[in-house]
Amino acid sequence: MIRKILTCLLPAVAVVALCSSTWAADCACGSGEGTVVSNGACGNCAGSCGTKTVYQRQYVTEMKTVTCTEYKNETRERTYTVTKRVPRTEERTRTVTVCVPETRTKTVNYTVNKNVTETKTAEYTVQVPYTEEVEQTYTVMVPVSEEKTATYTVMVPYTEEVEQSYTVMVPVSEEKTATYTVKVPYTEQVEQAYTVMVPVSEEKTATYTVMVPYTEEKTQTYTVKVPYTEQVEQKYMVNVPYTEQVTSTRKVQKRVAVQGTKTVQVRGGHWETQQVEVAGGTDACGCPCPPKTCCKRVWVPTCETKEVPVTTYECVTEEVPCTHTVTKCRQEERTRTVCVQKCRDEERTRTYTVSKCRPEERTRTYTVTKCVPEQRTRKVCVQKCRDEERTRTYTVTKMVNETKTRKVAVTKCRPEERTRTYTVTKCVPEQRTRKVSVQKCKTETRTREYQVTKCVPEAMTKEVSYTVMVPQQKEEKYTVTVCDCVPETKTQTYTVRVPVQVTKEVPVKKCVRVAVEVPCGGCGEASACGSCGDASACGCESGDACNSCGSRRRGCGCRRGCGC
């Protein structure tokens, strides 16, 4: 879009530049505002100068027909060839060796240990407890009561009234007068100077570069890999199985019973009755009791060493001959035909469009706004305060001390002697006698029967089934997928940017000279025209003003090339 706008505005900028150069050629001695032609004579300044005609330049907008290039999208088609791989199914036959399981039976000898129970008799000693009565002497503390009398002093309280003086703070009011200062606000107008930024516009011209796009067609050669199928003979090795009878020996382990003895420690013991002295403690009155003898049963352990017959089993290895079938494989070379996918190089040519840009310089006029500071004055209302004295009356309350009297009840104590009777208990020791039962034990021998279990080996036979894998050959069919290359033509749609010449009407600014009547000043200043005066003030030609003094003065209005 930006490229189209720049293409359309380029002729308009060229026309503006042409008008500016023509105006500069016409105004050979004019200032930046135009050429001045005076109606009065410079040499004769006796009369008034009258009016003068000033030619000023103005820009007028006109519509101009311009031819520009635009791009539009155009859809095209092209055809290309694609090679596809089409799969097809093919059935083939092969020989396969399969192992078939076969069940066989064999006799196996083994040994079983059977448990045999035997009854034995053993003697043991037991401690039998019995009770016996024994006479025992002990001491008892007997309590004895006794009455006693004691004297003690008690503080007895009584109440007495006493006169007491105390001080009270009584409030007294008093009026006072005070003077204070108040700040009274008032408004006053003050003149204030401030600065304002006034905007000033200025026109400037800038040159910039635009990248103008254009299209260029190029031809390119590229290489394509075209696939094709080729049948090749291939050799491969196959393992062919065969069966062979082999005779060998195998090791068999048997368990053989061996009779022997071993030393065993038999742990036993017996119960014994032992007499132990126990502290008597205290009785119900708190008196200590004499120690007493008690009987307790104690187990006394014993350890005996004995020789015991033992049957152990040892493993014996024997070699037994056996015949078995072994499957072996021999290698055999075979030939087959295989389809191999290959590619050949093929050169092709294609044409493509390349978009490029060329740089182009253009000119534009823009307005720059600057801000100039300007001093201004304004009146501002200022809030001020003045001091003013005022009077006020206030009440002050003071506290005055005043003494008063009151009666207060005071509690006092006086001593008083009293008498009381109390009982004292004492303990007196007394000897007594009692019968105590004592537990004793006597030794007694007894007999008991117990059972012992032994293991006896016994040989047995059983039939065992086992499975052998027997190889067998069979033919089977399998399916192979083969791919064939099939060429296919396809059509592709693509978009191309096509340039089109379009005629448009574009607004163009044209420079036109317009005559304007301006009143001229008095002849007081024109008298200086002949002697280097200001030529612009009297309306004479710029060349006359310059030639009168032979040099260029300020206000001459002519440029280089006017003869100054």
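## Details of the overall build of the chain
Reasoning step 1: Helix and strand content of the chain: four helices and three strands.
Reasoning step 2: Starting at the N terminus and ending at the C terminus, the chain contains elements arranged as α-β-β-β-α-α-α.
Reasoning step 3: Buried residues in the chain amount to 11% of all 564 residues.
Reasoning step 4: Here the chain has roughly 43,400 Å² of accessible surface; of this, 48% comes from carbon and sulfur atoms.

## Examining the packing of aromatic side chains
Reasoning step 1: Applying the stated criterion across every chain, the model contains one aromatic pair.
Reasoning step 2: When the centroid spacing of 5.4 Å and the interplanar angle of 65 degrees are considered together, the rings of Trp271 and Trp299 count as edge-to-face. Residue Trp271 is found in strand E2 (residues 51-278), and its partner Trp299 is found in strand E3 (residues 292-519); the two are separated by 28 residues along the sequence.
Reasoning step 3: For Trp271, a relative accessible area of 31% puts it in the partly exposed group.
Reasoning step 4: When the ring centre of Tyr152 is taken as origin, the NZ or CZ atom of Arg420, which lies over that ring, is 5.2 Å away.

## Here we look at the side chain of Gln136
Reasoning step 1: In this structure, Gln136 sits in strand E2.
Reasoning step 2: Under the relative-accessibility criterion, Gln136 is labelled buried at 15%.
Reasoning step 3: Discounting chain neighbours no more than four positions away, the residues touching Gln136 are Pro290, Pro291, Lys292, Arg432, Thr433, Arg434 and Val436.

## Comments concerning the pattern of salt bridges
Reasoning step 1: Throughout the structure, instances matching the rule amount to 28 salt bridges.
Reasoning step 2: With its nearest N and O atoms 3.4 Å apart, the salt bridge here joins Glu102 to Arg104.
Reasoning step 3: Judged by relative accessible area, Glu102 falls into the partly exposed class, the value being 35%.
Reasoning step 4: On the basis of relative accessible area, Arg104 is assigned to the partly exposed category, the value being 33%.
Reasoning step 5: The partner of Glu202 in a salt bridge is Lys370, with the nearest N and O atoms 3.7 Å apart. Pair noted here: Glu202 is in strand E2 and Lys370 is in strand E3, with a separation of 168 residues, a long-range link.
Reasoning step 6: With relative accessibility at 35%, the residue Glu202 sits in the partly exposed group.
Reasoning step 7: Connected through salt bridges with shared partners, the residues Arg88, Glu90, Arg92 and Asp484 form a single ionic network.

Conventions used here
- Residues numbered from 1 in each chain as written.
- Predicted model: local features only at pLDDT ≥ 70, side-chain atom pairs only at ≥ 80, totals over all residues.
- Heavy atoms only, no water.
- Helix = DSSP H or I, 4+ residues; strand = E, 2+ residues; numbered from the N terminus.
- Buried < 20%, exposed > 50% of the residue type's maximum accessible area, 1.4 Å probe, protein only.
- Areas by Shrake-Rupley, 256 points an atom, 1.4 Å probe, with all protein chains shown as cover.
- Phe/Tyr/Trp six-rings, centres within 6.5 Å; stacked < 30°, edge-to-face > 60°.
- Lys NZ or Arg CZ within 6 Å of the ring centre and 35° of its normal.
- Contact = heavy atoms within 4.5 Å.
- Salt bridge = Lys/Arg side-chain N within 4 Å of Asp/Glu carboxyl O.

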